Amino acid sequence: VESIDISYDSKKIISADGDGHLILWDLITGRQISKLKFPKGGPRKVLFTSSGQEIISVKIYEKKAILYDLTGGFISQFDVDVQINDFVIDQMRNQIIFGCYDEIQVWSIASRGIVQRVPFSGIHVMKFNNDFSELAIGQSSGNISFLNMNLEVGAELSGHFKPVVSLSYSFDNKLLCSGSSDQTIRIWNLRRSKKIIQLDNQHKGTVEAVQFISKKNQFATGGKSNELKIWR
């Protein structure tokens, strides 16, 4: 499974695998709602829109994103025209934020048009905080940058010495967890812009995924070791 996402109302979940299957599930009953097969490999990432009635997918190294309905029917295409490294949905403004090779592009889901372009290089992963007021960007340099609602860079964190590949905010937005190909997991105090925890070589390689999972700041990590670890 390459990507999963839960709808904003927590009623549905979408999963995409390396064989090209994209499956929509009812999170309440566990039943499959629909299944879509991509003829040339599956998407690198798939997300629900803010309405929960549409999904957006991007394949690896692609320069476009595709909007589908929940039956897998094609709705529209976003021609970004630059390699997309990652993308996120701004649920409050109904926009897509594309982190591209050398810029950030903001597109309106409603109008299907581009809203804003901001020069920015080295994007590897992006993550909104829980009220969508701040966007964290993990960079290929190992730094983490924080952008406000106008996509202006504010604080930065440094410490990782290889690309940051995964990010997660705590439920209260006070902490950030980061995973990197430098084989470390780090917890940052965002009020002090300071690292408070570092876990080394817990997955025998790149830390591919990190996620806070409770209000008590428990978090999960996964990576090269094919293990899922829960921390508290």
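Quick summary incoming for the structure in this document.

## Overview of empty space enclosed by the protein
Working step 1: One pass over the structure, following the stated rule, counts one cavity of 30 Å³ or more.
Working step 2: There is about 50 Å³ of room inside the largest cavity.
Working step 3: Lining the largest cavity are I14, L22, I23, L24, S34, K35, L36, I55, D69, L70, T71 and G72.
Working step 4: Broken down by secondary-structure element, the contributors of at least two residues to the lining of the largest cavity are β3 (21–26) and β4 (32–37).
Working step 5: For the lining of the largest cavity, a count of residues per class yields seven nonpolar, three polar and two charged.

## Description of the side chain of S214
Working step 1: Considering the arrangement of structural elements, one finds S214 in the loop between β21 (207–212) and β22 (219–223).
Working step 2: A distance of 3.2 Å separates a polar side-chain atom of S214 from the backbone nitrogen of K216.
Working step 3: A polar contact of 3.3 Å, which involves the side chain of S214, links it to the backbone nitrogen of Q218.

## A short note on the nonpolar core
Working step 1: Formed by 16 residues in total, the largest nonpolar core has its most connected members in I56, F78, F87, I89, I96 and F98.
Working step 2: Those elements giving two or more residues to this core turn out to be β6 (54–58), β7 (64–69), β9 (84–90) and β10 (95–100).
Working step 3: Among all residues touching I56, those that are not within four sequence positions of it are K45, V46, L47, T49, A65, I66, L67, F87, I89, I96 and I109.

## A closer look at the packing of aromatic side chains
Each aromatic ring pair is specified by the distance between its two centres and by the angle formed by the two planes.
Working step 1: Evaluated as defined, the whole model comprises six aromatic pairs.
Working step 2: Each ring, one from F78 and one from W107, has its centre 5.8 Å from the other, and the planes form 90°; the classification is edge-to-face. With a gap of 29 residues between them, F78 in strand β8 (residues 74–79) and W107 in strand β11 (residues 103–108) connect regions that are remote in the sequence. An identical accessibility class is assigned to F78 and W107; each is buried.
Working step 3: Among the aromatic side chains, those forming a connected cluster through ring pairs are Y8, F128 and F132.
Working step 4: Above the face of the F87 ring, K45 is positioned so that its terminal group lies 5.5 Å from the ring centre.

Cut-offs and rules
- Residues numbered from 1 in each chain as written.
- Predicted model: local features only at pLDDT ≥ 70, side-chain atom pairs only at ≥ 80, totals over all residues.
- Heavy atoms only, no water.
- 1 Å grid on protein atoms, 1.4 Å probe; cavity = no way out; pocket = protein on both sides within 12 Å on 5 of 7 lines; lining within 4 Å.
- Points joined across faces, edges and corners; volume = space filled by probe spheres on them.
- Helix = DSSP H or I, 4+ residues; strand = E, 2+ residues; numbered from the N terminus.
- Nonpolar A, V, L, I, M, F, W, Y, C, P; charged D, E, K, R; others polar.
- Polar contact = N/O pair within 3.5 Å; in protein donor to acceptor, adjacent residues only side chain to side chain.
- Core = buried A, V, L, I, M, F, W, Y, C linked by side-chain atoms within 4.5 Å.
- Buried < 20%, exposed > 50% of the residue type's maximum accessible area, 1.4 Å probe, protein only.
- Contact = heavy atoms within 4.5 Å.
- Phe/Tyr/Trp six-rings, centres within 6.5 Å; stacked < 30°, edge-to-face > 60°.
- Lys NZ or Arg CZ within 6 Å of the ring centre and 35° of its normal.

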